Amino acid sequence: MREEQSNVTRIPVTIMRGGTSKGVYILEKDMPENRGEWDELLLRMMGSPDKKQIDGLGGSQSVTSKVAIVGASKRDDADVDYTFAQVSVDKPIVSYKGNCGNISSGVGPFAIEKGLVKGDKETTSVRIYNTNTDKIISEDVQTKEGAVVYDGDFQIAGVPGSASPIRLKFIDPAGTLGKGLLPTGHAVDILEVPGYGKVEVSIVDVANPLVFVKAKDLGLSGKELPDELNADEEKLNLLETIRGLSAVKLGLIEDYTKSAWETPGIPKMTFVAEPEAYVTSDGTRIEKDQIDLLSRMMSMQKTHPSYAMTGAMCTAGASVIPGSVVQQVLNSDVDTQFIRIGHPGGILECGVDYQKKDNEPVIEDTFGFRTANLLMEGVATVRR
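Here the structure is a predicted model, which is why all the values come from computation and not from measurement.

So, how was this worked out
- Residues numbered from 1 in each chain as written.
- Predicted model: local features only at pLDDT ≥ 70, side-chain atom pairs only at ≥ 80, totals over all residues.
- Heavy atoms only, no water.
- Pairing = 2+ DSSP bridges.
- Helix = DSSP H or I, 4+ residues; strand = E, 2+ residues; numbered from the N terminus.
- Buried < 20%, exposed > 50% of the residue type's maximum accessible area, 1.4 Å probe, protein only.
- Contact = heavy atoms within 4.5 Å.
- Core = buried A, V, L, I, M, F, W, Y, C linked by side-chain atoms within 4.5 Å.

K.L.:
Describe the pairing of strand E8 (residues 135-144), naming the residues involved and giving the relevant values.
P.N.:
The pairing of strand E7 (residues 123-130) with E8 spans 8 bridges and is antiparallel. Residue Ser 125 lies in a different strand from E8, and its bridge partner there is Asp 140. Counted along the chain from E7 to the antiparallel partner E8, the turn is 4 residues long, and its residue Asp 134 has a positive phi close to 60 degrees. In terms of strand pairing, E8 meets strand E10 (residues 166-171) through 5 bridges, oriented antiparallel. Among the inter-strand pairings, Ile 136 is bridged to a residue of E10, identified as Ile 171. Here E8 folds back onto strand E9 (residues 147-148), and the loop between the two strands holds 2 residues, one of which, Glu 145, carries a positive phi near 55 degrees.

K.L.:
Could you give an account of the environment of Ala 174, with specific residues and numbers?
P.N.:
Turning to its location among the elements, Ala 174 is positioned in the loop between E10 and strand E11 (189-193). With a relative accessible area of 18%, Ala 174 lands in the buried category. Here the alpha-carbon distance between Ala 174 and Ile 363, two residues 189 residues apart in the chain, equals 6.7 Å. Not counting residues up to four positions away in its chain, the partners in contact with Ala 174 are Lys 135, Leu 181, Asp 205 and Val 206.

K.L.:
Mind laying out the nonpolar core, listing which residues take part and the relevant values?
P.N.:
Counting 57 residues, the largest nonpolar core has Val 80, Tyr 82, Leu 181, Val 204, Phe 212, Leu 293 and Cys 350 as its most contacted members. The greatest single-element share of this core, amounting to 6 residues, is contributed by helix H6 (residues 309-318). The contact partners of Phe 212, leaving out residues within four places of it in the chain, are Glu 200, Val 201, Ser 202, Val 204, Thr 270, Val 272, Cys 314, Thr 315, Ala 318, Val 325 and Val 326. In this structure, Ile 203, Val 213, Leu 218 and Tyr 278 belong to the second largest nonpolar core, which totals 25 residues.

K.L.:
Account for the pairing of strand E5 (residues 80-87), with residues named and values stated.
P.N.:
Each regular strand shows side chains that alternate between the opposite faces of the sheet. Counting buried residues in E5 gives 8 out of 8 residues, a clear majority hidden from the surface. Alternating positions in E5 separate into two faces, Val 80, Tyr 82, Phe 84 and Gln 86 on one and Asp 81, Thr 83, Ala 85 and Val 87 on the other, with burial throughout. Two elements, strand E4 (residues 66-72) and E5, share 7 bridges in a ladder whose sense is antiparallel. Its bridge partner lying in E5, Ala 72 is registered against Val 80. Alignment of E5 against E7, held across 3 bridges, turns out to be parallel. Residue pairing in the sheet places Val 80 in a bridge with Ile 128 of E7. Here E5 pairs with strand E6 (residues 94-95) via 2 bridges, running antiparallel. Across the sheet, the residue bridging to Val 87 is Val 94, located in E6. In sequence, E5 turns back onto E6 through a hairpin of 6 residues.

K.L.:
Describe the environment of Leu 27, naming the residues involved and giving the relevant values.
P.N.:
Tracing the backbone shows Leu 27 in strand E3 (residues 21-27). Since its relative accessible area comes to 14%, Leu 27 is described here as buried. For the pair formed by Leu 27 and Met 1, sequence separation is 26 residues and the distance between their alpha carbons is 9.2 Å. The residues touching Leu 27, leaving out its near neighbours within four places in the chain, are Val 70, Phe 110, Lys 114 and Leu 116.

Put into structure tokens, the structure is as follows:
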């Protein structure tokens, strides 16, 4: 239970790794009833704005500055409601636009740990309603005698060691902005980028809206590693400009130059390339025949160290859209039930179920596997 005392708030928290992200998980009942108080509380709790987040629970990267707020659901089609909050590291911003698939993977275990969902003998299915995107995620969590099983031999790129697999299925995931699979109405749009020229993009909305562009159109290879790209201010600015122009096209903002402040989390910027051999951040060589495409994502204006799970879901959805930027670079004999994305941390496998209607895809669901780990349970002391 949250405790208020003069200028100090004490709030029960759980720190979990979800996929390749790490975040603070909080029961909704322990959050202030007034949503207007959430931003100040979360910024102070995570230690933002500060590049080191030295006075908070954040880990100085976008992938470690995340919060999941979870409570029992009143919906017939869900067991829990889950709100995702992306807390900016270096700006006084908390974004609730869009979801995080990696943090989502920890919601099922957290719900079982907190008694919101009763664990079954071997596998417990948790139906999660994500309030950010108005979508349902079905999550299968390994359990034993009602308790979450974290240990296992399943490995995901970007996380050391192994753990038990968690299967995530994003049901009817298209149109989180209420504008359908292709919110602009086109598989491909041409953006006029000031100081650069015309750039071909695909803006696709599955699990989260993403803007895809071919790496070669930006003078990139698709093999870039985070440290390399993050040191190139010119390329970072170009990528953010394209993302900002796409945000304007989506009606999220009016001025593309304000994208980092007004809509920092969506759409997510992604550049893709045809399969080629490359070396991951830890020095592992990935061969061309091990992947179906190369892809790099941006997260809060920096390069994602691996790959967002919602990004994988959107990439899977984009793979079946005729003429999309993703389909243009995809391995020609790809199995859309087993798409292999080559990212800086390694390989992420995902899939898509869809039907064709009037020669256009209707996305039934997208799916993939993650792992999670409970790291700490305790009480956060938040001083205002």
